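Fold and geometry: a report
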Amino acid sequence: MTLYDLFQNFKIFEAKDDADRASLRSTDNVGEINKLRDQIDHLSLVCQATCELLDEIGISKKMMLAKIQEIDLRDGKLDGKYVKQHTCRSCHRPLAARHLMCMYCGVLVDKAELL
Ligand SMILES: [Zn+2]
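Here is what the cut-offs are and how they apply
Residues numbered from 1 in each chain as written. Predicted model: local features only at pLDDT ≥ 70, side-chain atom pairs only at ≥ 80, totals over all residues. Heavy atoms only, no water. Domains from an automatic or database assignment. Helix = DSSP H or I, 4+ residues; strand = E, 2+ residues; numbered from the N terminus. Patch = residues over 30% accessible without salt bridge, like charges linked within 9 Å, V, L, I, M, F, W, Y side chains within 5 Å. Areas by Shrake-Rupley, 256 points an atom, 1.4 Å probe, with all protein chains shown as cover. Salt bridge = Lys/Arg side-chain N within 4 Å of Asp/Glu carboxyl O. Buried < 20%, exposed > 50% of the residue type's maximum accessible area, 1.4 Å probe, protein only.

Here we take up the domain arrangement of the protein chain. A common measure of how large an interface is: the accessible area buried when the components associate. Assigned domains within the protein chain: domain 1 (3-77) and domain 2 (84-115). The centre of domain 1, based on its C-alpha atoms, is set 26 Å off from the matching centre of domain 2.

In C-alpha cells, the structure reads:
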C-alpha cells in the first residue's frame, strides 16, 4: 500500500464519518420539523377557534386584519410577523433576547422578564 493509498483511505474514512454525522443531524432536523408542524397545527386550531368566537360576538374579519396590521407595525416593519421588543429594567434601552446581561449598563437579564 502506497502513501497515496493510505491518504485516500483516510479521506474515505473522513467522508463516511461526515456522512454519518450529517445523517444523524438530518434525523434530528426531521424530528424538529415535525414538532414545529405540530405547534403550527395547534396554533391554527387556536386561531380558528378565536376567529369564530370573535365573529360570534361581532368582531369582523376586517377588524381583525386591521388589528393584525397595527400589531405587525409595532416593531417598525410590516412583514407579517412581530418580534416583541424588550427593554432593560435599569436603563430602559433595548435588550436582545440572546444576551444574559444588558450590553449598556451590565444589569443581569431575568429571562422570565423576556417571556
Ligand atoms: Zn441596561
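The rest of the description comes next.
Time to look at unusual backbone geometry. With phi around 65°, His92 is a residue other than glycine that occupies positive phi space. Looking at where His92 falls in the secondary structure, it is placed in the loop between β1 (86-87) and β2 (94-95).

Right, let's talk about a nonpolar patch on the surface for a bit. A cluster of nonpolar residues, Met1, Leu3 and Leu6, forms a patch on the protein surface that exposes about 400 Å² of accessible area. Along the chain, Met1 turns up in the segment before α1 (3-56). The exposed category is assigned to Met1, whose relative accessible area is 73%.

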